[in-house]
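Listed below are the residues making up each chain.
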There are 2 protein chains.
Amino acid sequence: MAFPAALHDHSACIHAALDAAEAECRRRGARLTDIRRIVLELVWESHRPVGAYALLESLGRLGRSAAPPTVYRALDFLLAHGLIHRVASRNGFIGCPHPGHAHGGQILLCAQCGMAAELDDPALDREIALSAARLGFSVSHQTIEVEGLCPTCRAQAGDTA
Amino acid sequence: MAFPAALHDHSACIHAALDAAEAECRRRGARLTDIRRIVLELVWESHRPVGAYALLESLGRLGRSAAPPTVYRALDFLLAHGLIHRVASRNGFIGCPHPGHAHGGQILLCAQCGMAAELDDPALDREIALSAARLGFSVSHQTIEVEGLCPTCRAQAGDTA
DNA sequence: TCTGTTTTGTTATGTTATAACATACCTTCC
DNA sequence: GGAAGGTATGTTATAACATAACAAAACAGA
């Protein structure tokens, strides 16, 4: 997983994500209904975390205006099937580029441009489980959200380190 | 840092935390005013994350009823000086047992009893920074919140692993 | 004591999330 | 096809979390 460049063929990202979602839902016997698919598309409109109420507005612009529970239910479904991740530190959601693969949601967030990417480092998972185990704690789920500067924004800021 | 036992001398925790806070504020030339100290004490009433509105109610019970901004300002102060941590995944706050020591807020949360503890593993910090650097990303701040079972709750559940 | 700064009070409102119940829609079995 | 039961969506209301904006008070240093 590379950090998404400022300029890239984003329609390819959306397309790939939707395809992967279809496949994953088929595999799980889960129903990717209209709203759920639309919400997933809207989440993928950028690589930035999107809030539920922003999605609500987007839905309105598509002529499918809805109330909050509709969006939250779609988000719950997408979360439950690993198609999106919740970004707790921003009260937002981002699309998962590789649903199905077990991974715990390690997210990089650029403080400058707001773009997000997944880190997905198994060594990190292991280190956390190990470190927790030393305190007698057994891990079931982890939230890792790392803020900093993405490659593009570092270059712009003249950070060459 | 051990995970706090279900039964322990909690007044000692509160006392130690308040003392450490006083010292840290003196060191920094920051003013630990009445409300700020009281809010800190209330955050320390348990080892569980507390929400701002719960603090508000507690303040009311102490005869110091206040409006939300008062509590949020106190929390902002305590956060700014490292006396508490924000628990993003729970919209809550917990006291920091060792303010002053540089550390990035690695938090263990028991899904059963709700208790929280700090992990504070420097190797974890390093692994994250390293792994992010491989994607060209430079880290400034990290949120790590790990959910699972604490030693006490594991024992109760018969988990001997 | 005056002055500028910091802190707190107060009112209003913005933002995020869910409870509770009604309706529609699919599926399967007769 | 039609009834039954589950799943999904619509709708209304409200809970829970957070901040903007301005007024008043408390404090620190000259």
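See the structure above.
Keep in mind it's a predicted model, so treat the numbers as computed, not measured.

Colleague: An account of the protein's contact with DNA strand D is needed here, citing residue identities and associated values.
Modeller: By nearness alone, 16 residues border DNA strand D, and Thr33(A), Arg73(A), Tyr53(B), Tyr72(B) and Arg86(B) come closest of all. Among all atoms of DNA strand D positioned within 4 Å of the protein, those belonging to sugar or phosphate total 52%. Contact distances for DNA strand D include 2.6 Å between a phosphate oxygen and a side-chain N or O atom of Thr33(A). With respect to DNA strand D, the side chain of Tyr53(B) contributes an N or O atom lying 2.6 Å from a base nitrogen. Breaking the surface near DNA strand D down by element, the ones donating at least two residues are α2 (34-43) and α4 (68-80) of chain A together with α4 (68-80) of chain B. With 4 residues, α4(B) is the single largest residue contributor to the surface near DNA strand D. When the residues that make up the surface near DNA strand D are grouped by side-chain class, the tally is 7 nonpolar, 3 polar and 6 charged.

Colleague: Would you mind going over the packing of helix α2 (residues 34-43) of chain B against helix α3 (residues 52-61) of chain B in detail, with residue names and values included?
Modeller: Residue and element names in this part refer to chain B. Close contact between α2 and α3 brings their axes to 10 Å; oriented N to C, the two are set at 115°. Of the possible angle classes, the one that applies to α2 and α3 is roughly perpendicular. As α2 packs across α3, the resulting crossing turns out to be right-handed. Here Ile38, Val39, Leu42 and Val43 of α2 lie close against α3, whose contacting residues are Leu55, Ser58 and Leu59. Of the residues in the contact of α2 with α3, the class split is 6 nonpolar, 1 polar and no charged.

Colleague: Break down the packing of aromatic side chains for me, citing the residues and quoting the values.
Modeller: One pass over the full model with this rule turns up 4 aromatic pairs over all chains. Where Phe3(A) meets Phe137(B), the ring centres are 5.6 Å apart and the plane angle is 25°; that geometry is what we call stacked. Here Phe137(B) lies in the loop between α5 (122-134) and β5 (138-149) and Phe3(A) lies in the segment before α1 (10-28), a pairing that spans two chains. Exposure remark for Phe137(B): the relative accessible area of 1% places this residue in the buried category. Taking NZ or CZ as reference, Arg36(A) lies 3.9 Å from the ring centre of Phe77(A), over its face.

Colleague: Talk me through the protein's contact with DNA strand C; I want residue IDs and the actual numbers.
Modeller: What surrounds DNA strand C is a group of 14 residues, the closest being Tyr53(A), Tyr72(A), Arg86(A), Thr33(B) and Arg73(B). In DNA strand C, the atoms that sit within 4 Å of the protein are 50% sugar and phosphate, with bases accounting for the remainder. Between DNA strand C and Arg86(A) there is a distance of 2.4 Å, counted from a phosphate oxygen to a side-chain nitrogen or oxygen. Thr70(B) places a polar side-chain atom, nitrogen or oxygen, 3.5 Å from a phosphate oxygen of DNA strand C. Mapped onto the surface near DNA strand C, the elements with two or more residues apiece are α4 of chain A together with α2 and α4 of chain B. Looking at the surface near DNA strand C, its residues break down into 7 nonpolar, 3 polar and 4 charged.

Colleague: Got a sec to walk through the nonpolar core? Specific residues and values, please.
Modeller: Counting 28 residues, the largest nonpolar core has Phe3(A), Phe137(A), Phe3(B) and Phe137(B) as its most contacted members. When residues of this core are traced back to their parent elements, those giving at least two are β3 (106-110), α5 (122-133) and β5 (138-149) of chain A together with β3 (106-110), α5 and β5 of chain B. In this view, Phe137(A) contacts Ala132(A), Phe3(B), Leu108(B), Leu109(B), Cys110(B), Val146(B), Glu147(B), Gly148(B), Leu149(B), Cys150(B) and Arg154(B); residues no more than four positions away in its chain are not counted.

Colleague: Please set out the interface of chain B and chain A residue by residue, giving values where relevant.
Modeller: The interface of chain B with chain A comprises 38 residues on the first partner and 38 residues on the second. With both chains or domains summed, chain B and chain A bury close to 2800 Å², and 61% of this area falls on carbon and sulfur atoms. Where chain B touches chain A, the interface holds 2 salt bridges. Arg134(B) is paired through a salt bridge with Asp121(A); the nearest N and O atoms lie 3.8 Å apart. Taken together, the elements giving at least two residues each to the side of chain B that touches chain A come down to β3, α5, β5 and α6 (151-156) of chain B. When residues of the side of chain B that touches chain A are assigned to their parent elements, the largest contribution, 12 residues, is made by β5(B). Pairing of β5(A) with β5(B), which is carried by 11 bridges, proceeds in the antiparallel orientation. Bridging across to β5(B), Thr143(A) finds its partner in Glu145(B).

Calculation criteria
Residues numbered from 1 in each chain as written. Chains lettered and ligands numbered in written order. Predicted model: local features only at pLDDT ≥ 70, side-chain atom pairs only at ≥ 80, totals over all residues. Heavy atoms only, no water. Near = heavy atom within 4 Å. Polar contact = N/O pair within 3.5 Å; in protein donor to acceptor, adjacent residues only side chain to side chain. Helix = DSSP H or I, 4+ residues; strand = E, 2+ residues; numbered from the N terminus. Nonpolar A, V, L, I, M, F, W, Y, C, P; charged D, E, K, R; others polar. Axes fitted to C-alpha atoms, helices over the stretch in contact; angles between N-to-C directions. Parallel < 35°, antiparallel > 145°, perpendicular 65-115°, else oblique. Left-handed = near helix turned anticlockwise from the far one by under 90°. Contact = heavy atoms within 4.5 Å. Phe/Tyr/Trp six-rings, centres within 6.5 Å; stacked < 30°, edge-to-face > 60°. Buried < 20%, exposed > 50% of the residue type's maximum accessible area, 1.4 Å probe, protein only. Lys NZ or Arg CZ within 6 Å of the ring centre and 35° of its normal. Core = buried A, V, L, I, M, F, W, Y, C linked by side-chain atoms within 4.5 Å. Buried area = accessible area lost by both parts, 1.4 Å probe. Salt bridge = Lys/Arg side-chain N within 4 Å of Asp/Glu carboxyl O. Pairing = 2+ DSSP bridges.

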